[in-house]
Amino acid sequence: MNSINHADLLVKPGRTVDLADFDPRSTSDFKRKHEASAKLHADIKQLSALQEVFYASGQYALLIVLQGTDTAGKDGAIKHVMTGVNPQGVDVHPFKVPSTIQLAHDYLWRTTKALPQRGRIGIFNRSYYEELTVVRVHPSVLENERLPPGTTTSTTFWKDRYEDINAFERHMSRNGTVILKFFLHLSKAEQRKRLLKRIDTPDKIWKLSASDVREREFWDKYQHAYEEELTHTSTESAPWYIIPADHKWFARLAIASIIVAKLEALDLKYPVVSNEQRAHLSAVREQLEDHAP
Ligand code: AMP
Ligand code: MG
């Protein structure tokens, strides 16, 4: 079976990212969708089995962060990759323009409240990383955050944000949250195609907002903000993967494959039942058998 070299997609901590070096159309050594489907099915099945033991062992939490421009395929990736997983073990949280109450708190508040507990998988469809992208592209958004005077004009403002986010993720990681971050890397041409398709498809048109098309005008600024974010916030504790996203099937395959590898590496086991518990349970069995209705 073909495979994907995860190291090719990983942003090595300390690497300066130039998105031009990453081809959004790449499909690794898979030529066509049907070649990938066997591996995707195998990974989805494996993910389902791994999630069961992940839940049972209750040792770690898994946080999956998905970022990427409109139409990059974040929703579709969640839907497809998670198809086999028990819904009781997964929480998906989309983050939109912050509400008044959210703006009355620091920018990590809303996502922190949504973090997964041990044994569970939490998926952030957008996240605090919007604070390094949309907020960076539109500095006027920062005014709504009502930060202390002088904060936003400081020359180290963005550097401070990277530092704070890295420290926050390091803290989460040290305390048992495994973090995987996926940047869905879409080309401008493919986005144009997908936006047009949304307009022309009755089942998709609801997904299109005027702002999606407006934001396209800021394409280069967004790419720059992503590059900065990827350069400064890929760490050992919370690495970024750049997922080529022009082919949805490949993006899904790559994400599933990386999650499976990460969970496998944890080498989790079902909780061990002690001899004492076993003895107790066999007494319970006898009791149940003696009192059949
Ligand atoms: P969608 O994911 O297409 O439903 O769109 C959600 C919108 O919310 C996107 O345009 C995001 O850029 C925007 N958004 C998410 N988080 C923030 C934030 N912290 N500040 C401003 N806008 C945000
Ligand atoms: Mg949108």
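Provided above is the structure to which this section pertains.
Residues numbered from 1 in each chain as written. Chains lettered and ligands numbered in written order. Predicted model: local features only at pLDDT ≥ 70, side-chain atom pairs only at ≥ 80, totals over all residues. Heavy atoms only, no water.

Draft legend 1. The overall build of the protein chain, seen in detail. Secondary structure summary: the protein chain contains 13 helices and five strands in total. With the C-alpha coordinates aligned to their principal axes, the bounding extent of the protein chain is approximately 75 × 50 × 40 Å. In the protein chain, which comprises 293 residues, the proportion classed as buried is 46%. Within the protein chain, contacts between residues separated by at least 24 positions form 82% of all contacts whose residues are at least 6 apart in sequence. When the accessible surface of the protein chain is summed, it comes to about 16,100 Å², and 52% of that surface belongs to carbon and sulfur atoms. Side-chain charges in the protein chain split into 40 positive and 38 negative, and the spacing between the mean points of these groups amounts to 4 Å. (Helix = DSSP H or I, 4+ residues; strand = E, 2+ residues; numbered from the N terminus. Buried < 20%, exposed > 50% of the residue type's maximum accessible area, 1.4 Å probe, protein only. Contact = heavy atoms within 4.5 Å. Areas by Shrake-Rupley, 256 points an atom, 1.4 Å probe, with all protein chains shown as cover. Lys, Arg positive; Asp, Glu negative; His and termini not counted. Charge placed at Lys NZ, Arg CZ, Asp CG, Glu CD.)

Draft legend 2. Structural detail: the nonpolar core. Residues L62, M82, F182, I243, I255 and I259 are the most contacted members of the largest nonpolar core, which totals 43 residues. Taken together, the elements giving at least two residues each to this core come down to α2 (33-57), β1 (61-68), α3 (74-81), β3 (121-125), β4 (177-185), β5 (240-244) and α12 (248-266). The element that contributes the greatest number of residues to this core is α12, accounting for twelve residues. What M82 contacts, discounting residues up to four positions off in sequence, is L47, I64, A77, V90, I123 and I259. Core analysis: the next-biggest nonpolar cluster, separate from the first, contains 33 residues, L108, F124, V137 and A225 among them. (Core = buried A, V, L, I, M, F, W, Y, C linked by side-chain atoms within 4.5 Å.)

Draft legend 3. Summary view of the side chain of K181. Tracing the chain through its elements places K181 in strand β4. We classify K181 as buried; its relative accessible area is 0%. Separated by 2.8 Å, the side chains of K181 and E169 make a polar contact. Leaving out residues up to four positions away in the same chain, K181 has contacts with V65, Y129, E169, T233, A238, P239, W240 and Y241. (Polar contact = N/O pair within 3.5 Å; in protein donor to acceptor, adjacent residues only side chain to side chain.)

Draft legend 4. Main features of the environment of V65. Turning to its location among the elements, V65 is positioned in strand β1. A sequence separation of 14 residues divides V65 from Q51, and the C-alpha atoms of the two residues are 17 Å apart.

Draft legend 5. Region of the structure containing the pairing of β3. The buried count for β3 comes to five of five residues, which makes it a mostly enclosed element. Along β3, one buried face is formed by I121, I123 and N125 and the opposite face, lined by G122 and F124, is buried too. Sheet analysis places β1 next to β3, joined by five bridges and oriented parallel. Across the sheet, residue V65 finds its bridge partner in β3, namely F124. (Pairing = 2+ DSSP bridges.)

Draft legend 6. Inspection of the packing of α3 against α12 at higher detail. The interhelical angle for the contact between α3 and α12, taken along N-to-C directions, is 55 degrees, at an axis separation of 10 Å. Between α3 and α12, the interaxial angle falls into the category oblique. Note that α3 runs across α12; the crossing there is right-handed. Along its contact with α3, which presents G76, A77, H80 and V81, the element α12 presents R252, I255, A256 and I259. (Axes fitted to C-alpha atoms, helices over the stretch in contact; angles between N-to-C directions. Parallel < 35°, antiparallel > 145°, perpendicular 65-115°, else oblique. Left-handed = near helix turned anticlockwise from the far one by under 90°.)

Draft legend 7. Geometry of the pattern of salt bridges. Applying the stated criterion across every chain yields a total of 16 salt bridges. Of the charged contacts in the structure, one is a salt bridge between E169 and K181, with a shortest N-O distance of 2.8 Å. Note that E169 is positioned in helix α8 (residues 157-174) and K181 in strand β4, a separation of twelve residues in sequence. Accessibility classification places E169 together with K181 in one group, the buried group. One salt-bridge network, in which partners are shared between bridges, spans D70, R126 and E130. (Salt bridge = Lys/Arg side-chain N within 4 Å of Asp/Glu carboxyl O.)

Draft legend 8. Representation of the packing of α2 against α12 within the structure. The contact between α2 and α12 brings their axes to 9 Å, and the two run at 35 degrees. Note on packing geometry: the crossing formed by α2 with α12 is left-handed. Residues K33, A36, K39, L40, D43, Q46, L47, L50 and F54 of α2 form the contact with α12, whose own contacting residues are W249, R252, L253, A256, S257, I259, V260, L263, E264 and L266. In terms of residue class, the contact of α2 with α12 is built from twelve nonpolar, two polar and five charged. (Nonpolar A, V, L, I, M, F, W, Y, C, P; charged D, E, K, R; others polar.)

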